[in-house]
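Chain and residue survey
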Amino acid sequence: MFRGIDEVDWASLRHADGSVEDVPGLLRGLASADPAERETTLDRMYGAVAHRGN
């Protein structure tokens, strides 16, 4: 599902909170079988993408 995800230079990219180094883990968390992990990850992802209404 995530072929090539670890080949991206995530540290060179930025989001509302800074480096997007956390994005691969967030994407994997969203695909987790654990509903609690998906919910926590979605909250973290939302904070990065829609930070302060931007």
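Quantities reported herein were computed from a predicted structural model and do not represent experimental measurements.

The predicted structure's coordinates, where accompanied by low pLDDT, should not be read in detail. Considering every residue of the protein, the mean pLDDT works out to 86; 89% of them sit at 70 or more. Of all the helices and strands in the protein, strand β1 (residues 14–15) carries the lowest mean pLDDT, 78, while helix α1 (residues 23–30) carries the highest, 92.

Time to look at α1. When we look at burial in α1, the residues that qualify are Val 23, Pro 24, Leu 26 and Gly 29. Where α1 is buried, its residues touch β1 and α2 (35–49).

A few words now on the side chain of Thr 41. With respect to the helices and strands, the residue Thr 41 is situated in helix α2. Take Thr 41: its relative accessible area is 6%, and that puts it in the buried class. Looking at Thr 41, its side chain comes within polar contact range of the main-chain oxygen of Glu 37, at 2.7 Å. Setting aside anything within four residues of it in sequence, one finds Thr 41 in contact with Leu 26, Gly 29 and Leu 30.

What counts, and where the lines are drawn
- Residues numbered from 1 in each chain as written.
- Predicted model: local features only at pLDDT ≥ 70, side-chain atom pairs only at ≥ 80, totals over all residues.
- Heavy atoms only, no water.
- pLDDT = per-residue confidence, 0-100.
- Helix = DSSP H or I, 4+ residues; strand = E, 2+ residues; numbered from the N terminus.
- Buried < 20%, exposed > 50% of the residue type's maximum accessible area, 1.4 Å probe, protein only.
- Contact = heavy atoms within 4.5 Å.
- Polar contact = N/O pair within 3.5 Å; in protein donor to acceptor, adjacent residues only side chain to side chain.

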